[in-house]
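Breakdown of the fold
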Amino acid sequence: MKHLIAAALVSLLAACSLPLSAPQADTTHTLALSAQASVPLAIPVGSTIQVATPTAAPGYDTAAMAYRPSAHELRYFARQRWIDRPARLLGQALMDGFSAGGARVLAPGSGVRADYRLLSELLQLEQDFTRQPSRILLSVRLQLVDVGNRRVLGSRTLRLEQAAASDDPAGGVAAANALVERAVVESAGFCRELLGN
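This structure is a prediction, so every number in the text was calculated from the model and none was measured.

What follows deals with the packing of helix α2 (residues 86-100) against helix α3 (residues 169-195). At their nearest, the axes of α2 and α3 sit 9 Å apart, and the two run at 60° to each other. When the axis of α2 is compared with that of α3, the two are oblique. Note that α2 runs across α3; the crossing there is right-handed. Contact residues: α2 offers Ala93, Leu94, Gly97 and Phe98, while α3 offers Val180, Val184, Ser187, Ala188 and Cys191. Class assignment for the residues of the contact of α2 with α3 results in 7 nonpolar, 2 polar and no charged.

With that settled, consider the nonpolar core. The biggest cluster of nonpolar side chains holds 45 residues, and the ones touching the most others in it are Phe98, Leu118 and Leu138. Within the residue set of this core, elements represented by two or more residues are β2 (48-51), β4 (64-70), β5 (73-82), α2, β7 (116-128), β8 (135-146), β9 (151-163) and α3. Once residues within four sequence positions are removed from consideration, Phe98 is found in contact with Ala42, Ile49, Val51, Ala103, Val105, Leu118, Val184, Ser187, Ala188 and Cys191.

Each regular strand carries side chains that alternate between the two faces of the sheet. Across 3 bridges, strand β1 (residues 27-29) lies against β5 in parallel orientation. Directly across from Thr28, in β5, lies its bridge partner Arg81. By the bridge criterion, 4 bridges tie β4 to β5 in an arrangement that is antiparallel. Counted as the bridge partner of Tyr67 is Arg75 from β5. Linkage of β4 to β5, two consecutive antiparallel strands, is achieved through a turn of 2 residues.

Rules of the game
Residues numbered from 1 in each chain as written. Predicted model: local features only at pLDDT ≥ 70, side-chain atom pairs only at ≥ 80, totals over all residues. Heavy atoms only, no water. Axes fitted to C-alpha atoms, helices over the stretch in contact; angles between N-to-C directions. Helix = DSSP H or I, 4+ residues; strand = E, 2+ residues; numbered from the N terminus. Parallel < 35°, antiparallel > 145°, perpendicular 65-115°, else oblique. Left-handed = near helix turned anticlockwise from the far one by under 90°. Contact = heavy atoms within 4.5 Å. Nonpolar A, V, L, I, M, F, W, Y, C, P; charged D, E, K, R; others polar. Core = buried A, V, L, I, M, F, W, Y, C linked by side-chain atoms within 4.5 Å. Buried < 20%, exposed > 50% of the residue type's maximum accessible area, 1.4 Å probe, protein only. Pairing = 2+ DSSP bridges.

Just distances and angles here, no functional claims.
Set out below in structure tokens:
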């Protein structure tokens, strides 16, 4: 009996000295316009546009990466995050894209009065697993304002989707970045149509 107790104690002590595995770190992903993106001029030459900081619909005002396992359920990956809130990243992509397209872009809070202001709201950005392969869904509401005349020139809602290359967060991130590029190009087109440019 004493031998059994001694053996149990030795086993317990050996188990206590085993190295513990380190907790898994979060993986942080970027959501941005690629350097190769080609964005057409959004506004007339000589005009300025302010890209207001986008707002976000409930459920999407977080850096956590959202996914949909069933029709009426929204969840977030435990260890996968965006580098910032997606609405803010979208705003930066819009400014980068419009600037690359030749527009004179003013940042929010610059203190300079712009000719036009682009308002936007991120309505949806999620990986949808209700279909196979999974798809990234991106919806953005746009509104272009003539600042001098205090008048809304037009509104549009972009509803974009793209199949993920793989049914995991990495596949979703790649598809989300491709959709952000499409959203920037379509936003520039929306402004150009309204301004007759």
